[in-house]
Amino acid sequence: MRILLVDDEEELVATLAERLAMRGIDADWVTNGEDAILKAETESYDLSVLDVKIPRISGINLKRELEKRNPHMKFIFMTGHGSEADYKAGSEEAGSEFYLIKPLDIRLLIEKINTALNSVGGSI
Amino acid sequence: MTIDLNAAFESGLQYFGKMTASISHEIKNVLAIINENAGLMEDLVLMANKGRPLEPERLTTLAGKIISQIQRADGIILNMNTFAHSVDEFQKRIDITETLTLVVSLSNRFASMRGVAVELAPIHNPIRINTNQFLLENIVWLCLDYAMDEAGHGKRVVLNAEKVDNAIAIRFAMPEGVTGDFSRIFPGKREEALVEILAGDLSTHRDRGEIVLTLPTEIKN
């Protein structure tokens, strides 16, 4: 299982990647949309966890770009806003069950990852 | 000419809403980082209980990261508090450097999202003016917002202020030029209403990539 984390807060995605690795989930991270697209062109990911708002491209548009490169990739959106507009946009794109509010609960994130990928696992 | 108070009122509310939403987003991000660092500490302890050696330096680093995020949140909340108190008095004597610093700090996330660097040039002699602080912050933000759009990704917007006789000039320079065509209606209704209330003037100079906001040092009631 390979995951790509995308958020402009480097410390957030780097730490989250380490925590996922401890649970047997291989996660790469980037802090902007351009790097996410580059990664998706050279690596194969099963799922991407995207912030709804990232520099210079919306999470929704980035999802579409990543899908073009990997039509099988699944998505989970996360946001710090939790506003109705963000929720509507995120849940329409990824399904409300794949929409998380920051701060993240790692157990909930892993539950969503397992549901999205129809897999089991992710405990220390 | 009648001042469009509705436009100014609407602009103020939009500005207040936009800034407070941005601040809440930033605080959420800080909390999310603290949450992950604290979670990682917990994970390391869990793994230590299962026999993996716990490195004290690792915990020290994580604690340092948490402290650093708390300091970041403290700065964000200080700015939020200063911003909230901008509406306390209709008119007061304000320091331009402090006001520009606040507006630039509040705009950092918007600049980062656009990939634009915003710089405040050093203002060597203190400049104080008697004006409405909130409306001033609002018009500076609108100019900066427009300048960031016009500068474009990878470019800079440099703010500078100088005293000119009984007025001050705040310049929003785009030293690498403009990528837009200055075709958006600017100044629009909101900017015109705010500038009129503040008894100032606003001009755009595409040839030298600059927006100039001029304000009197004393606004008359």
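Quick notes on the rules
- Residues numbered from 1 in each chain as written.
- Chains lettered and ligands numbered in written order.
- Predicted model: local features only at pLDDT ≥ 70, side-chain atom pairs only at ≥ 80, totals over all residues.
- Helix = DSSP H or I, 4+ residues; strand = E, 2+ residues; numbered from the N terminus.
- Buried ≥ 20, exposed ≤ 12 C-beta atoms within 10 Å, placed from the backbone.
- Contact = placed C-beta atoms within 7 Å.
- UniProt positions renumbered as here; feature names shortened; annotations may be inferred.
- Core = buried A, V, L, I, M, F, W, Y, C linked by C-beta atoms within 7 Å.
- Domains from an automatic or database assignment.
- Pairing = 2+ DSSP bridges.
- Axes fitted to C-alpha atoms, helices over the stretch in contact; angles between N-to-C directions.
- Nonpolar A, V, L, I, M, F, W, Y, C, P; charged D, E, K, R; others polar.
- Parallel < 35°, antiparallel > 145°, perpendicular 65-115°, else oblique.

## Section: the overall build of chain B
Phase 1 of the analysis: Along its length, chain B carries five helices and seven strands.
Phase 2 of the analysis: Over its C-alpha atoms, taken along the principal directions, chain B stretches across nearly 80 × 40 × 35 Å.
Phase 3 of the analysis: Considering chain B as a whole, with its 221 residues, one finds that 33% of them fall into the buried category.
Phase 4 of the analysis: Pairs at least 24 residues apart make up 74% of the contacts formed inside chain B by residues separated by at least 6 positions.

## Structural notes on the UniProt feature "modified residue: 4-aspartylphosphate" (unreviewed entry) in chain A
All names here are of chain A.
Phase 1 of the analysis: Per the UniProt entry, the sites bearing "modified residue: 4-aspartylphosphate" (unreviewed entry) are Asp51 in this numbering.
Phase 2 of the analysis: Secondary-structure assignment places aspartate 51 in strand β3 (residues 47-51).
Phase 3 of the analysis: Residue contacts for aspartate 51: discarding those within four places in its chain leaves Val6, Asp7, Asp8, Gly59, Met78 and Thr79.

## Some words on the nonpolar core
Phase 1 of the analysis: Core analysis: the biggest nonpolar cluster contains 42 residues, and Ile139(B), Val140(B), Cys143(B), Leu144(B), Ala147(B), Val157(B) and Phe172(B) have the highest contact counts within it.
Phase 2 of the analysis: Broken down by secondary-structure element, the contributors of at least two residues to this core are α1 (5-49), α3 (96-114), α4 (133-151), β4 (156-164), β5 (167-173), α5 (189-197) and β7 (210-216) of chain B.
Phase 3 of the analysis: Each of domain 1 (5-85) and domain 2 (91-216) of chain B contributes no fewer than three residues to this core.
Phase 4 of the analysis: If we skip the residues at most four places from it in the chain, Leu144(B) touches Val103(B), Ser107(B), Val118(B), Val157(B) and Phe172(B).
Phase 5 of the analysis: Ranked by size, the runner-up nonpolar core spans 38 residues in total, among them Leu16(A), Leu50(A), Ile76(A) and Leu104(A).

## Section: the sheet that holds β4(B)
Residues and elements named next belong to chain B.
Phase 1 of the analysis: Spatially, five strands are ordered β2-β4-β5-β7-β6 in an open sheet, and the strand pairing comes out mixed. Each of the sheet's edge strands pairs with one partner strand only, and the pair in question is β2 (117-120) and β6 (201-205). When the angles between neighbouring strand axes are averaged without regard to direction, this sheet yields 15 degrees.
Phase 2 of the analysis: Pairing between β6 and β7: five bridges, direction antiparallel. Within β7, the residue paired with threonine 204 across the bridge is isoleucine 211.

## Observations regarding the interface of chain B and chain A
Phase 1 of the analysis: Each partner contributes to the interface: chain B provides 20 residues, whereas chain A provides 19 residues.
Phase 2 of the analysis: Among the secondary structure elements, those contributing two or more residues to the side of chain B that touches chain A are α1 and α3 of chain B.
Phase 3 of the analysis: At 14 residues, the largest contribution of residues to the side of chain B that touches chain A is made by α1(B).
Phase 4 of the analysis: For the side of chain B that touches chain A, the class distribution of residues is seven nonpolar, eight polar and five charged.

## A few points about the packing of α1(B) against α3(B)
All names here are of chain B.
Phase 1 of the analysis: Two elements in contact, α1 and α3, have axes separated by 10 Å at closest approach and are oriented at 75 degrees. Relative to α3, the element α1 is oriented roughly perpendicular. Residues Met19, Ser22, His25 and Glu26 of α1 form the contact with α3, whose own contacting residues are Leu106, Arg109 and Phe110.
Phase 2 of the analysis: Of the residues belonging to the contact of α1 with α3, the class tally is three nonpolar, two polar and two charged.

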